[in-house]
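# Analysis of the macromolecular model
In case you want the letters, here they are:
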Amino acid sequence: MGTLATAFWRRLDVPGHDAASVRELEDGCELSGQSTFLDPRGPTALRYVLTLDGNWVTRAGRITGFIDDRAIDDHIVRSASGWRINGRAVGMGDILDLDLGFTPATNMVQLRRVSLAIGASTSFDFAWHEAGGEELQRLPQEYRRASDYDYPYCFRSPCLKLPPS
């Protein structure tokens, strides 16, 4: 068991960056990373960990850190009956994936699971969480694989059709 991948992103919307790695576990994988950026609410530093089963389905997520002067410590768990955030049930038991709105790393999970061919597209509903929020929301996303490493997507409801690149 070892590291499967590492990545580093520079944010385009605000000053900041994100670094992540995926490592194998005995019964799945762990996606972990840190995102540091200038949020409109103030300087932000967030560490995140997602545990995934052997089929790349999210089991749980944890986010720790701060947004300005507010400490963040969110626990998100998925079970057959649905999702829980900080112990509170929020439903959406049909959703397999957690999307953390502050990092692109969580978008990789479902794309790895479905392994799209170049030119193919698919859509998912995510349990979407914005750092510092108290909710999980259903968020539809549509992806198209344009090349080996290019996956244009949209996340509006209803999703807009993607133009060919």
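Notes on the structure follow. Small disclaimer: the values here were computed from a predicted structure and weren't measured.

## Thoughts on the sheet that holds strand 1 (residues 3–10)
In spatial order, the strands read 1-2-3-4-5-6-7-8; together these 8 strands make up an open sheet with antiparallel pairing. Since the sheet does not close on itself, it has two edges, and those belong to strand 1 and strand 8 (88–91), each with one partner. Taking the axes of each pair of neighbouring strands and ignoring which way they run, one obtains an average angle of 15° across the sheet.

## Quick notes on the pattern of salt bridges
Considering all chains together, one arrives at 11 salt bridges under this definition. Of the charged contacts in the structure, one is a salt bridge between Arg-11 and Asp-13, with a shortest N-O distance of 2.8 Å. The class of Asp-13 is exposed, set by a relative accessible area of 57%. Of the charged contacts, one joins Arg-23 and Glu-30 as a salt bridge, the two residues approaching to 3.1 Å between their closest N and O atoms. What makes Glu-30 buried here is its relative accessible area of 16%. Salt bridges linked by common partners bring Asp-94, Asp-125 and Arg-138 together as one network.

How each quantity is defined
- Residues numbered from 1 in each chain as written.
- Predicted model: local features only at pLDDT ≥ 70, side-chain atom pairs only at ≥ 80, totals over all residues.
- Heavy atoms only, no water.
- Pairing = 2+ DSSP bridges.
- Helix = DSSP H or I, 4+ residues; strand = E, 2+ residues; numbered from the N terminus.
- Axes fitted to C-alpha atoms, helices over the stretch in contact; angles between N-to-C directions.
- Salt bridge = Lys/Arg side-chain N within 4 Å of Asp/Glu carboxyl O.
- Buried < 20%, exposed > 50% of the residue type's maximum accessible area, 1.4 Å probe, protein only.

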